[in-house]
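Report on the structure
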Amino acid sequence: AQSVTQPDIHITVSEGASLELRCNYSYGATPYLFWYVQSPGQGLQLLLKYFSGDTLVQGIKGFEAEFKRSQSSFNLRKPSVHWSDAAEYFCAVGPLGGGYNKLIFGAGTRLAVHP
Amino acid sequence: GAGVSQSPSNKVTEKGKDVELRCDPISGHTALYWYRQSLGQGLEFLIYFQGNSAPDKSGLPSDRFSAERTGGSVSTLTIQRTQQEDSAVYLCASSLSLAGARGGGEQFFGPGTRLTVL
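Residues numbered from 1 in each chain as written. Chains lettered and ligands numbered in written order. Predicted model: local features only at pLDDT ≥ 70, side-chain atom pairs only at ≥ 80, totals over all residues. Heavy atoms only, no water.

Let us now look at the pairing of strand 11 (residues 113–117) of chain B. For a regular strand, side chains alternate in direction, first toward one face of the sheet and then toward the other. Residue and element names in this part refer to chain B. Only one face of strand 11 is covered, namely the one carrying Thr113, Leu115 and Val117; the face carrying Arg114 and Thr116 has none of its residues buried. Across four bridges, the pairing between strand 2 (residues 10–13) and strand 11 is parallel. Residue pairing in the sheet places asparagine 10 in a bridge with arginine 114 of strand 11. By the bridge criterion, three bridges tie strand 9 (residues 88–95) to strand 11 in an arrangement that is antiparallel. Counted as the bridge partner of alanine 88 is leucine 115 from strand 11. (Buried < 20%, exposed > 50% of the residue type's maximum accessible area, 1.4 Å probe, protein only. Helix = DSSP H or I, 4+ residues; strand = E, 2+ residues; numbered from the N terminus. Pairing = 2+ DSSP bridges.)

And the structure:
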């Protein structure tokens, strides 16, 4: 069955520290991979996506993610966290082709940032 | 509109009542999705519309849930005889449908409707 696992429910980092949020997926083939961020009271905003090609993808707000096929992982990273990055982060997978994305989401990781 | 809008933003209802949740997608977006975000459950796909048709309803949890879309635009998610386990945030997303394109179109999400069933 298709699934996405985000092992860390809560993470706390200090402002300026580096960040890595983990995401592992189970899928029948190479999926499309996404990271979304949800700030309190807000909808989900796409940070970045991977379809093919270079396995290191750059996104908005200084985030990047690396697709590792051998580990079925798509971890999100940021070299220096800002207080405004406090939010909930969701990893998602979607099917190839078909003209639409039925996204399967992980349970999310809530990030807190200490000043 | 500039983004996906949903109404109401909050809905409190009594068990057994029917509720309707509304989604206004981004103008010109032909694909529309409903998801449910329950506490501790992450986001679950409910239904997908392409135009006014719903080729994928596989995520609707029971026959108490239904959705329609009219004019290729506004969509309504209806929950009949609500139960406490229906309490969740219901999110709507829309995208340009790029049929045949890998990955389809990026989904843009609305702020959600928080449903509380007492």
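That covers the picture; the talk isn't over yet.
Unoccupied space between atoms shows up once a probe the size of one water molecule is rolled over them. If you add up the space inside the largest pocket, you get close to 670 Å³. Taken together, 28 residues line the largest pocket, and the ones lying closest to its centre are A:Gln38, A:Glu88, A:Arg110, B:Gln37 and B:Arg114. Contributions of two or more residues to the lining of the largest pocket are made by strand 10 (87–94) of chain A together with strand 4 (31–38), strand 9 and strand 11 of chain B. Residue contributions to the lining of the largest pocket peak at four residues, all from strand 11 of chain B. Across the lining of the largest pocket, the residue classes break down as nine nonpolar, 16 polar and three charged. (1 Å grid on protein atoms, 1.4 Å probe; cavity = no way out; pocket = protein on both sides within 12 Å on 5 of 7 lines; lining within 4 Å. Points joined across faces, edges and corners; volume = space filled by probe spheres on them. Nonpolar A, V, L, I, M, F, W, Y, C, P; charged D, E, K, R; others polar.)

Here we take up the nonpolar core. Residue and element names in this part refer to chain A. Formed by 27 residues in total, the largest nonpolar core has its most connected members in Leu19, Trp35, Leu47, Leu48, Phe74, Leu76 and Tyr89. In terms of residues, this core owes the most to one element, strand 10, which gives four residues. Setting aside anything within four residues of it in sequence, one finds phenylalanine 74 in contact with Cys23, Leu33, Phe34, Trp35, Leu48, Tyr50, Val57, Ala65, Glu66 and Phe67. (Core = buried A, V, L, I, M, F, W, Y, C linked by side-chain atoms within 4.5 Å. Contact = heavy atoms within 4.5 Å.)

All right, on to unusual backbone geometry then. Following B:Ser7, the chain continues to B:Pro8 via a peptide bond in cis, the omega torsion being -10°. Locating B:Pro8 in the fold gives a position in the loop between strand 1 (5–7) and strand 2. Positive phi outside glycine occurs at A:Lys61, with the angle close to 60°. Tracing the backbone through its elements, the reader meets A:Lys61 in the loop between strand 7 (56–58) and strand 8 (64–68). For A:Lys61, a relative accessible area of 44% gives the class partly exposed. One non-glycine residue, A:Ser72, lies in positive phi territory at about 50°. On the accessibility criterion, A:Ser72 (27% relative accessible area) is partly exposed.

Function-wise, these values are silent; they only describe arrangement.
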